[in-house]
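So you can see what is in the structure, the chains are spelled out below.
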Amino acid sequence: MTSAVGSLREQIDRLGDLGELGSVERAVSPVHELAAIAHRCDAERGPALLFTNVGKRSGRVVIGTDGTRERVAAALGVGVGGLTDRYARALAAPIEPIEVSEGPVHENVRSGDEVDLTHLPILTHYEHDGGPYLTSGIVTSVHPHTGERNLSYHRMQLKGPRELRMVIVPRHLHRIYEAYEAMDRPMPVSIVLGVDAPLRFAAGTSGSAVPFGFDEYGIAGGLRGRGEELVRGVGNELLVPARAEIVLEGYVPAYERADEGPFAEFAGFYKGVTPRHVVRIEAITHRHDPIYQGLISGSTEQLLLMGLPNEPAMLTAMRGGIAGVRSINVTPGGLHKFHVVVAIDKQHEGDGKDAIVAAFAAHRDVKLVVVVDHDVDPFDPVAVERAVATWFRADEDLVVLSGGKGNPVDKRLTAAGTTARMGVDATAPLTADGPGHDAQRAVIPGAAHIDLSEWLAG
């Protein structure tokens, strides 16, 4: 087992060693062209891509570093099957970050009128997007009264050399902003660009999975197996990753809003023009020859960043109430957010339905839960569908809950913002009567351990 990577550059090198990195050396436009190439590569399950000549200043852009579970596992130094457990351990036993006096992110510093965000290869993705968008930036700030820190993702539209428009929904960063706004003070922020998988997934941990004030840098340390090295900003006191590629330092003014959009959200539909928070950038720091990290809305990479952190959080919450929960898959078809398959070691009749209720309670965005027996792989859609086909009876095993709060991405919300949730209990009954009570899964001895490369010629 290898150790976790220590920076984006180390992760890129590891992907290259694994044959999971493609290089594009031709000149590429950051307006639609790069996104088109990356989208096609993602659709064909291709490798991560490193573009070496993007835009007028020939910047470097990497995209897709975390586009598959295998790539994420390689970055963390674990097998694919160990991803969820590694994440669960990081949540249960975070490792505190370490402040250092200097880091590569401060190799180059620009401030004031030297700042020009248009020099960065910020990408324009979809046809009707309102312009270039930062989609992979990790925003950090600190509560003015409690000192609690937060890391989270927020899309930001480029609106000038030193101005962005940021979407801040009512979650943890919004709570920090409200505290500053109540004092009529701007909220200091640092926007971190270009980091490795431990940091990216820590920042993607949902607010429903960890309480406000739970330090995401600690989760990154738990994923990495050692404390995250942080350095203080040059223009503010916020701590940022010492080995990040780029950091933008600035502030969000109180009570100021301006138009943002349109933007193609992760479900594949546009969000129109809406007044959003304004961000003004006062300084930019970066490594020599920095690598800008792209992220296409709705890509496999974005959905994994959104969804993978949900699995350990839900698994931990569900195991707290149901001892037989084995594994969980927040599925790609459900946008890694809305559909869940749960495998349980069924001990009592009713465990399947209890697991459905527990999954809904573990994450409020979940709309569909399918529960299968422990010997069904929740990551194998064919095996899951077979379980539904053979064990599910709609008149007994279907659970429907109406009236719960829905996610705005759901196009069928009621006027009040509510939705309905469905659970499918596809577990075998434990009773010793009725058809199927003596069903035994057919297994060919030794098939699971065959290595075809040892048997096939050439």
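For every chain, the first residue of the written sequence is number 1, and numbering continues from 1 along that sequence. Local features in this predicted model are restricted to residues whose pLDDT is 70 or higher, and side-chain atom pairs enter the listing and the counts only when it is 80 or higher, whereas totals over whole chains, interfaces and linings include all residues. Excluding hydrogens and water, the side-chain values take into account all heavy atoms of the structure.

The name given to the protein in an unreviewed UniProt entry is UbiD family decarboxylase, with the source organism recorded as Nocardia rhamnosiphila. UniProt positions are given in the numbering used here, feature names are shortened, and annotations may be inferred rather than shown by experiment. Its UniProt record gives the protein the following Sequence similarities (unreviewed entry) comment, quoted word for word: "Belongs to the UbiD family."

Salt bridge criterion: a side-chain nitrogen from Lys or Arg within 4 Å of a carboxyl oxygen from Asp or Glu. Taken as a whole, this structure holds 30 salt bridges when the rule is applied. For E260, the salt bridge is made with R155, and the minimal N-O distance between the two is 2.9 Å. Of this pair, E260 sits in strand β15 (residues 257-260) while R155 sits in the loop between β8 (149-153) and β9 (156-160), and the two are 105 residues apart along the sequence. The salt bridge involving E229 is made with R243; its shortest N-O contact spans 2.7 Å. One end of the pair, E229, is in strand β12 (residues 229-232); the other, R243, is in the loop between β13 (239-241) and β14 (246-252), with 14 residues separating them in the sequence. Runs of H or I in DSSP of at least four residues are treated as helices and runs of E of at least two as strands, each being numbered from the N terminus.

Now for the sheet that holds strand β19 (residues 291-293). Whether two strands pair depends on DSSP finding at least two bridges between them. Spatially, β1-β2-β3-β19 is the arrangement adopted by the four strands of the open sheet, whose pairing is mixed. Edge positions in the sheet fall to β1 (21-24) and β19, since each of these pairs with one other strand and no more. With direction set aside, neighbouring strand axes in the sheet form an average angle of 25°. Relative to β19, strand β3 (residues 59-63) runs parallel, the two being bridged by three bridges. Bridge pairing in β19 links V62 to Q293. For helices, the fitted line uses only the C-alpha atoms of the stretch in contact; every axis is such a line through C-alpha atoms, and the angle between N-to-C directions lies from 0 to 180 degrees.

UniProt's feature table lists "domain: 3-octaprenyl-4-hydroxybenzoate carboxy-lyase-like C-terminal" (unreviewed entry) at residues 305-426, given in the numbering used throughout. In residues 305-426, the share of helix is 33% and the share of strand is 28%. The end C-alpha atoms are 28 Å apart.

Here the term cavity refers to a set of points on a 1 Å grid, laid over the protein atoms alone, in which a 1.4 Å probe fits but cannot get out; the term pocket refers to an open set having protein on both sides within 12 Å along at least five of seven lines, with lining residues being those that place an atom within 4 Å of a point. Grid points are joined across faces, edges and corners, and a volume is the space filled by probe spheres set on the points. Taken as a whole, the largest pocket spans an internal volume of roughly 1,600 Å³. Taken together, 44 residues make up the lining of the largest pocket; nearest its centre are Y153, V169, R171, F266 and K337. Taken together, the elements giving at least two residues each to the lining of the largest pocket come down to β8, α5 (172-182), β17 (270-271) and α8 (300-307). Lys, Arg, Asp and Glu make up the charged group, whereas Ala, Val, Leu, Ile, Met, Phe, Trp, Tyr, Cys and Pro make up the nonpolar group; the residues left over, Gly among them, are polar. Tallied by class, residues from the lining of the largest pocket come to 17 nonpolar, 16 polar and eleven charged. If you add up the space inside the second largest pocket, you get close to 470 Å³.

Let us look at the sheet that holds strand β24 (residues 418-425). Read from one edge of the open sheet, five strands run β20-β21-β22-β24-β23, paired in mixed fashion. Two strands bound the open sheet, and with one partner strand each, they are β20 (325-330) and β23 (398-405). Going from strand to strand, the sheet's axes swing by 20° on average, the running direction of each strand aside. Here strand β22 (residues 368-373) pairs with β24 via four bridges, running parallel. The partner of V371 across the bridge, within β24, is D425. In what follows, residue pairs with any heavy atoms lying within 4.5 Å of each other are defined as contacts. Here helix α9 (residues 310-319) sits on the sheet in contact with β20 and β21 (339-344), set at roughly 150° to β20.

Under the defined criterion, the tally for this structure stands at two cavities of 30 Å³ or more. Lining the largest cavity are 18 residues, with A38, D42, P47, G64 and R71 positioned closest to its centre. Those elements that provide at least two residues to the lining of the largest cavity are α2 (33-43), β2 (48-54) and α8. Top element by residues in the lining of the largest cavity is α2. It accounts for three residues. Counted as a void, the second largest cavity has a volume near 40 Å³. Lining the second largest cavity, in full, are F338, R364, D365, K367, K405, G406, N407, D410, T419 and R421. The residue inventory of the lining of the second largest cavity, partitioned by class, reads one nonpolar, three polar and six charged.

So, on to the packing of helix α4 (residues 83-92) against α9. The angle between the axes and the distance between the axes are what describe a pair of packed helices. Running from N to C, α4 and α9 point in directions that differ by 75°, and their axes come no closer than 8 Å. Between α4 and α9, the angle is such that the two are roughly perpendicular. Across from T84, D85, Y87, A88 and L91 in α4, the residues of α9 making contact are E311, P312, A313, L315, T316 and R319. A per-class count over the contact of α4 with α9 returns six nonpolar, two polar and three charged. An angle below 35 degrees is read as roughly parallel, one above 145 as roughly antiparallel, one from 65 to 115 as roughly perpendicular, and any other as oblique.

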